[in-house]
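Each chain is listed here by its residues.
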Amino acid sequence: DAKTTQPPSMDCAEGRAANLPCNHSTISGNEYVYWYRQIHSQGPQYIIHGLKNNETNEMASLIITEDRKSSTLILPHATLRDTAVYYCIVRPHGGATNKLIFGTGTLLAVQP
Amino acid sequence: GAVVSQHPSWVICKSGTSVKIECRSLDFQATTMFWYRQFPKQSLMLMATSNEGSKATYEQGVEKDKFLINHASLTLSTLTVTSAHPEDSSFYICSGTGTHVGTQYFGPGTRLLVL
């Protein structure tokens, strides 16, 4: 799996947009960008994934650069409940044996 | 998203005993399940991958005779920590993925404390 680089921590004011960056300069053509988050003492929660087009769902938006070497996860209106460690992972989509290798992620602290 | 449950959510046991943790996919058939371990202030570490009806594939450094994994059905996988010791105390998390569910969905985790 391609290696990803994320800042160790970020702060965000409640109600503002949280923009979490991820660098994946060695991503392969068949690898997707996945985002998960882990709230303290819980299992990881799937957020969103994409290949090259920008994606949006009820939780977040994913912006992938044209060269696919970096991406940004956007939480449009952060709440205190969004405080968590956010993991950016690249891997092929599907394929039952494809593992998710977690890095250290970004600890997002949403401030009141 | 798909739902995965784990039981128990926490367990305390004496050193030398065995502990079984169950992982169930509630609304999809999980052809593959993964088991992770997480120590305090660390990231998740993949322990093993199990395909329904097959033997599990363990990551390097994970003792297969100590961490027994069974994936006998498309909705249930179990992890048994045999002869548990205090250093096995950790947060154990499972995930599942299926033929029609390419994304991995995670259970809520099981916290194990070995005294």
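Quick look at the structure, then. (Residues numbered from 1 in each chain as written. Chains lettered and ligands numbered in written order. Predicted model: local features only at pLDDT ≥ 70, side-chain atom pairs only at ≥ 80, totals over all residues. Heavy atoms only, no water.)

**Notes on the overall build of chain A**
Across its full length, chain A carries zero helices and nine strands. Taken from N to C terminus, the helices and strands of chain A fall in the order β-β-β-β-β-β-β-β-β. Its C-alpha atoms give chain A a radius of gyration of 13 Å, near enough to 13 Å, the size a compact globule of 112 residues would have. The C-alpha extent of chain A, read off along each of the three principal axes, is 40 × 30 × 25 Å. Counting only carbon and sulfur atoms, one obtains 50% of the accessible surface of chain A, whose full area is about 5,700 Å². When the 9 basic and 9 acidic side-chain charges of chain A are each reduced to a single mean position, those positions are 5 Å apart. (Helix = DSSP H or I, 4+ residues; strand = E, 2+ residues; numbered from the N terminus. Rg over C-alpha atoms; globule rule 2.2 N^0.38 Å. Areas by Shrake-Rupley, 256 points an atom, 1.4 Å probe, with all protein chains shown as cover. Lys, Arg positive; Asp, Glu negative; His and termini not counted. Charge placed at Lys NZ, Arg CZ, Asp CG, Glu CD.)

**A look at the environment of B:Arg111**
Relative to the helices and strands, B:Arg111 resides in strand β11 (residues 110-114). Judged by relative accessible area, B:Arg111 falls into the partly exposed class, the value being 38%. On a C-alpha basis, the gap between B:Arg111 and B:Leu46 in space is 16 Å, while along the polypeptide they are 65 residues apart. If near-sequence neighbours (up to four positions away) are discounted, B:Arg111 is found in contact with A:Ser41, B:Ser9, B:Trp10, B:Val11, B:Ser90 and B:Phe91. (Buried < 20%, exposed > 50% of the residue type's maximum accessible area, 1.4 Å probe, protein only. Contact = heavy atoms within 4.5 Å.)

**Description of the pattern of salt bridges**
Inspection of the entire model under this criterion finds four salt bridges over all chains. Across the salt bridge formed by B:Glu59 and A:Lys99, the nearest N and O atoms sit 2.9 Å from each other. Highlighted residues: B:Glu59 in the loop between β6 (57-58) and β7 (67-73) and A:Lys99 in the loop between β8 (84-92) and β9 (106-111), drawn from two different chains. B:Asp88 serves as the salt-bridge partner of B:Lys66, at 2.9 Å between the closest nitrogen and oxygen. Within this pair, whereas B:Lys66 is found in the loop between β6 and β7, its partner B:Asp88 is found in the loop between β8 (76-81) and β9 (90-98), the two being separated by 22 residues in sequence. Comparing B:Lys66 with B:Asp88 shows no difference in burial state: the two are buried. (Salt bridge = Lys/Arg side-chain N within 4 Å of Asp/Glu carboxyl O.)

**Things to note about the state of the cysteines**
One pass over the full model with this rule turns up two disulfides over all chains. What pairs with A:Cys22 in a disulfide is A:Cys88, and their sulfur atoms sit 2.1 Å apart. The sign of the S-S torsion, about -80°, decides the handedness of the disulfide formed by A:Cys22 and A:Cys88: left-handed. Taken as a pair, A:Cys22 in strand β2 (residues 18-23) and A:Cys88 in strand β8 lie far apart in primary sequence, 66 residues in all. Paired by a disulfide, B:Cys23 and B:Cys94 hold their sulfur atoms 2.0 Å apart. (Disulfide = S-S within 2.5 Å.)

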